[in-house]
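Geometric and topological summary
Next come the chains, spelled out residue by residue.
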Amino acid sequence: MDEKVWLTERFEEHRAHLQAVAYRMLGSVSEADDAVQEAWLRLDRADTSGVENLGAWLTTVVARVCLNVLRSREHRREESFEVRMPDPIISPESGIDPEHEALLADSVGLALLVVLETLSPAERLAFVLHDMFAVPFEEIASMTERSPAAARQLASRARRRVQGQAPAPDPDLARQRDVVNAFFAAARDGDFDALVAVLDPDVVLRSDGGVVRASQTVVLNGARTVAEQAVGFGRLSPFARPALINGAAGVVVAADGRPLSVMAFTVAGGKVVAIDVLADPERLRELDLPVL
């Protein structure tokens, strides 16, 4: 077999895994694709005759590329309290598209990705690689130019923040949908008490309206505060289409075939603990929406 063909086949065996790593690292589908493509270019140029574990080698390459992207973002980012929602993966309620299954393995909900956005680049790399893909701290240490003990501390700090701000969702999708339906029913009826009842006392609502809808970029905390905002969602009920957002119950709000917002719900303990909304018109236009 031609060496280039052989190398291409080996790379394709690892592509889904590499895309999953990059999506968790970057929260962007397009940037994840770019990182994986860069890994292929480096593989094509490299002498890998001494590489014993090609998958591990490629994972390291993708992780380093992603780390550079995160550091570049950090340098460009001005001090701001604005929310930037990661790219949502939208599927019909009938099930996740096969091409998205690897991206969404291990319940990579939108709320989790939002919290990952708050980590430092090194913390995010350590958490994603170790906690999600079981990469040893010795390898993470070399990528971050730290000792293994320091790499372990990075992951530990990240883990505490994730566990505190992105609780694991209830595994029963049908139960999730019941709670989301109850939320919209209460909003449609203007029933403030029913809204409060379906929300966790410490619920957080995060909305990214982008530049065009800057007034819709907010972070709200607490059941009563979120319920006051959610009463206004009642008018959206006729346009809300059930969907899976990163594998969890959510909705796409669309009118005349045009998406107005994507709403991801995190349901834990039978209550809504987080609502993450993408309402940026520019990014909504770029979404590849399935038929809902």
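Computed from a predicted model, the values in this text were never measured in an experiment.

**Let's talk about the overall build of the protein chain**
Of the regular secondary structure elements, the protein chain holds twelve helices and seven strands. A compact globule built from 292 residues should have a C-alpha radius of gyration of about 19 Å, and the protein chain, at 20 Å, falls within 12% of that. The principal-axis extents of the C-alpha atoms in the protein chain amount to approximately 65 × 40 × 35 Å. Scored against the burial criterion, the 292 residues of the protein chain give a buried share of 50%. Of the accessible surface of the protein chain, which amounts to about 14400 Å², a share of 49% is contributed by carbon and sulfur atoms. In the protein chain, 31 positive and 44 negative side-chain charges are present, and the distance between their average locations comes to 4 Å.

**Considering unusual backbone geometry**
One non-glycine residue, Ala 134, lies in the positive phi region at around 55°. Of note, Ala 134 is situated in the loop between helix 6 (121-133) and helix 7 (137-144). A relative accessible area of 63% means that Ala 134 is categorised as exposed. Although it is not a glycine, Glu 145 adopts a positive phi angle of roughly 55°. Following the sequence through the fold, Glu 145 ends up in the loop between helix 7 and helix 8 (148-165). A relative accessible area of 74% means that Glu 145 is categorised as exposed.

**Examining the pairing of strand 2 (residues 199-208)**
Two faces, one strand: in a regular strand the side chains alternate between the faces of the sheet. Within strand 2, seven of the ten residues are buried, which leaves it mostly tucked inside the rest of the structure. Of the pairings in the sheet, the one linking strand 2 to strand 7 (residues 271-278) comprises six bridges and is parallel in character. From the neighbouring strand, Ser 207 faces strand 7, where its bridge partner is Val 277. Summarising the sheet, strand 2 and strand 3 (residues 218-221) pair through four bridges and their orientation is antiparallel. Bridging across to strand 3, Ser 207 finds its partner in Val 218.

**Structural notes on the packing of aromatic side chains**
Applying the stated criterion across every chain, the model contains five aromatic pairs. For the ring pair Phe 184 and Phe 265, a centre distance of 5.9 Å and an interplane angle of 65° mean the geometry is edge-to-face. Placement of Phe 184 in helix 9 (residues 173-189) and of Phe 265 in strand 6 (residues 258-268) is noted, with a sequence separation of 81 residues between them. By the burial criterion, Phe 184 is buried, and Phe 265 matches it. Here a set of aromatic residues connected by ring pairs shows up, and it is made of Phe 183, Phe 184, Phe 233 and Phe 265.

**Some thoughts on the sheet that holds strand 2**
The strand order across the open sheet built from seven strands is 1-4-5-6-7-2-3, with neighbouring strands paired in mixed fashion. Strand pairing shows two members of the sheet lacking a second neighbour, strand 1 (90-91) and strand 3, which therefore form its edges. Strands in contact with helix 9 are strand 2, strand 4 (240-245), strand 5 (248-255), strand 6 and strand 7; relative to strand 5, the strand with the most contacts, it is inclined by about 45°. Helix 11 (residues 223-230) rests against strand 2, strand 3 and strand 7 of the sheet, and its axis sits at about 50° to strand 2.

**A closer look at the environment of Gly 190**
Within the secondary structure, Gly 190 sits in the loop between helix 9 and helix 10 (192-198). Considered as a pair, Gly 190 and Gln 37 are 153 residues apart in the sequence and their alpha carbons are 49 Å apart.

Parameters and conventions
Residues numbered from 1 in each chain as written. Predicted model: local features only at pLDDT ≥ 70, side-chain atom pairs only at ≥ 80, totals over all residues. Heavy atoms only, no water. Helix = DSSP H or I, 4+ residues; strand = E, 2+ residues; numbered from the N terminus. Rg over C-alpha atoms; globule rule 2.2 N^0.38 Å. Buried < 20%, exposed > 50% of the residue type's maximum accessible area, 1.4 Å probe, protein only. Areas by Shrake-Rupley, 256 points an atom, 1.4 Å probe, with all protein chains shown as cover. Lys, Arg positive; Asp, Glu negative; His and termini not counted. Charge placed at Lys NZ, Arg CZ, Asp CG, Glu CD. Pairing = 2+ DSSP bridges. Phe/Tyr/Trp six-rings, centres within 6.5 Å; stacked < 30°, edge-to-face > 60°. Contact = heavy atoms within 4.5 Å. Axes fitted to C-alpha atoms, helices over the stretch in contact; angles between N-to-C directions.

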